[in-house]
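The lines below spell out each chain.
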Amino acid sequence: MCQTVIGSKFDVDPEPMTRHANLEPRTYNFKPKTDREVTHDLPFGWCSDPTHLRPVFCGNAPKRFSKGDSGIMDDQGNMRVAAVGDIHYAKTSKGKLRDLFVGASSSADVLLLTGDVTDYGLPEEAAILAEDLRTYVRTPILAVLGNHDYESGKSAEVQAALESIGVTFLDGSGVEIEGVGFAGVCGFGGGFDRQMLSAWGEPLIKAFVQEAVDHSLRLGKALTNLATEKKVVILHYSPVRGTVNGENPEIYPFLGSSHLEATIDHFGASVVFHGHAHNGEIKGKTSGNIPVFNVALPVLLRTGKEPFFLYKV
Ligand SMILES: [Fe+2]
Ligand SMILES: [Fe+2]
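A quick note: this is a predicted structure, and the numbers were derived from the prediction, not measured.

A.B. asks: It is not clear to me how the overall build of the protein chain should be interpreted in this structure. Could you clarify?
C.D. replies: The number of helices and strands found in the protein chain is 6 helices and 13 strands. When the 313 residues of the protein chain are sorted by exposure, 51% land in the buried category. In the protein chain, 76% of the contacts between residues at least 6 apart in sequence involve partners at least 24 apart.

Laid out in structure tokens, this is it:
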């Protein structure tokens, strides 16, 4: 029987981005590199069965690594996560974020992209980003789509271009890497707390609210399916008001939704990363005291520190 696998030594593996794991194979979006030969001579963690399209481990139980054994965890058993959103890749962006990608890749074990990976949601923009990620990043990359990635009605092509080089998109789905679970969804607007929009009145208002509810439900499903103690939530829209503070209050309803916060607090998480609020604040927390970080690139750049957010989980 084949079980899902957990890869190792991402920093020295020439094919690092394909070494992901997932406890729920039905929701795992892994696609192997097209130029990879599936033979018996595969590195540890790959099943030799050519019918398998996921990284798998043939054995009776999922592979587990002890502390420091995998090369992806530090001595305390923590994973280093680099997160950034709103990189807004355009047709002219080739090489634009080289230093960011190289820095994140050398500092962290996993790179999270919290949406708005492209500027207009064009496949050409995604292809340029894919080439840069393929060139400069040597860690697994997990991502969610942002509203800009939907702009041209070609989000599927945008996603496919990035999946072709090993990026895993989360949309109501989860992935486990080295015992750390990741659940993601784009999210939607509607506002926060007592000012949150209610499903009342015109059908369009009800549809707007339902969209936010649907994203929250998909996030809840993804969190439920994770069997890990550590759970990282990846969003584009904010789940809390705290990290959008600094934006014009008139646009708060379009920056996030407390439906997301309720889901996160109900199912539990170790940390939440989101983007979208370019003028917001980095740090916030849910009502249940779960840390929330707005890692939109413009927010990070204002700090004068690294253009990616580094966090140990
Ligand atoms: Fe953005
Ligand atoms: Fe956005």
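A.B. asks: Please clarify how the pairing of strand S7 (residues 173–177) should be interpreted in this entry.
C.D. replies: Moving residue by residue along a regular strand, the side chains alternate between the two faces of the sheet. When you tally the buried positions in S7, you get 5 out of 5 residues, the bulk of the element. Remark: 2 residues form the turn of the hairpin made by S7 and strand S8 (residues 180–184), two consecutive strands paired antiparallel; Glu178 in that turn has positive phi of roughly 55°.

A.B. asks: How do you make sense of the sheet that holds strand S12 (residues 291–294) when you look at a structure like this?
C.D. replies: As a general point, the strands of a sheet are linked pairwise by backbone hydrogen bonds and lie either parallel or antiparallel. A sheet is described by the order of its strands in space; here 6 strands give the open sequence S7-S8-S9-S10-S12-S11, paired in mixed fashion. Two strands bound the open sheet, and with one partner strand each, they are S7 and strand S11 (283–285). Each adjacent strand pair in this sheet contributes to an overall mean axis angle of 25°, direction not counted. Pairing geometry for S11 and S12, over 3 bridges, is antiparallel. Bridging from a neighbouring strand, Lys285 pairs with Pro291 of S12.

A.B. asks: Whenever I open this one, the packing of helix H4 (residues 203–225) against helix H5 (residues 258–267) confuses me. Can you help?
C.D. replies: Each packed pair of helices is defined by two parameters, the angle between the axes and the distance between the axes. Two elements in contact, H4 and H5, have axes whose closest approach is 9 Å; the angle formed by their N-to-C orientations is 20°. By the angle between their axes, H4 is roughly parallel relative to H5. Relative to H5, H4 is oriented so that their crossing is right-handed. For the pair H4 and H5, the contacting residues are Ala212, Val213, His215, Ser216, Leu219, Gly220, Leu223 and Thr224 in the first and His259, Leu260, Ala262, Thr263 and Phe267 in the second. Taken together, the residues that form the contact of H4 with H5 break down as 7 nonpolar, 6 polar and no charged.

A.B. asks: What is the right way to look at unusual backbone geometry in this model?
C.D. replies: A negative phi angle characterises most non-glycine residues, just as the trans form characterises most peptide bonds. Not every positive phi belongs to a glycine, and His88 is a case in point at roughly 45°. Relative to the helices and strands, His88 resides in the loop between strand S3 (80–84) and helix H1 (98–107). By C-beta crowding, His88 is classed as buried, having 21 other C-beta atoms within 10 Å. Of note, Asp116 is a non-glycine position whose phi angle comes to about 55°, a positive value.

A.B. asks: Can you walk me through the sheet that holds S3 in this structure?
C.D. replies: Here 5 strands make up an open sheet; going across it, the order is S6-S5-S4-S3-S13 and the pairing mixed. Each of the sheet's edge strands pairs with one partner strand only, and the pair in question is strand S6 (168–169) and strand S13 (309–312). With 4 bridges connecting them, S3 and S13 associate as antiparallel partners. Within S13, the residue paired with Val81 across the bridge is Tyr311.

A.B. asks: What am I meant to see in the nonpolar core here?
C.D. replies: Taken as a class, soluble globular proteins show a tendency for nonpolar side chains to be buried jointly. Core analysis: the biggest nonpolar cluster contains 79 residues, and Ala82, Ala83, Val84, Leu112, Leu170 and Ile234 have the highest contact counts within it. No other element matches the 6 residues that helix H2 (residues 123–136) contributes to this core. When sequence neighbours within four positions are dropped, the list of residues in contact with Leu112 reads Val81, Ala82, Ala83, Leu142, Ile234 and Phe273.

Cut-offs and rules
- Residues numbered from 1 in each chain as written.
- Chains lettered and ligands numbered in written order.
- Predicted model: local features only at pLDDT ≥ 70, side-chain atom pairs only at ≥ 80, totals over all residues.
- Helix = DSSP H or I, 4+ residues; strand = E, 2+ residues; numbered from the N terminus.
- Buried ≥ 20, exposed ≤ 12 C-beta atoms within 10 Å, placed from the backbone.
- Contact = placed C-beta atoms within 7 Å.
- Pairing = 2+ DSSP bridges.
- Axes fitted to C-alpha atoms, helices over the stretch in contact; angles between N-to-C directions.
- Parallel < 35°, antiparallel > 145°, perpendicular 65-115°, else oblique.
- Left-handed = near helix turned anticlockwise from the far one by under 90°.
- Nonpolar A, V, L, I, M, F, W, Y, C, P; charged D, E, K, R; others polar.
- Core = buried A, V, L, I, M, F, W, Y, C linked by C-beta atoms within 7 Å.

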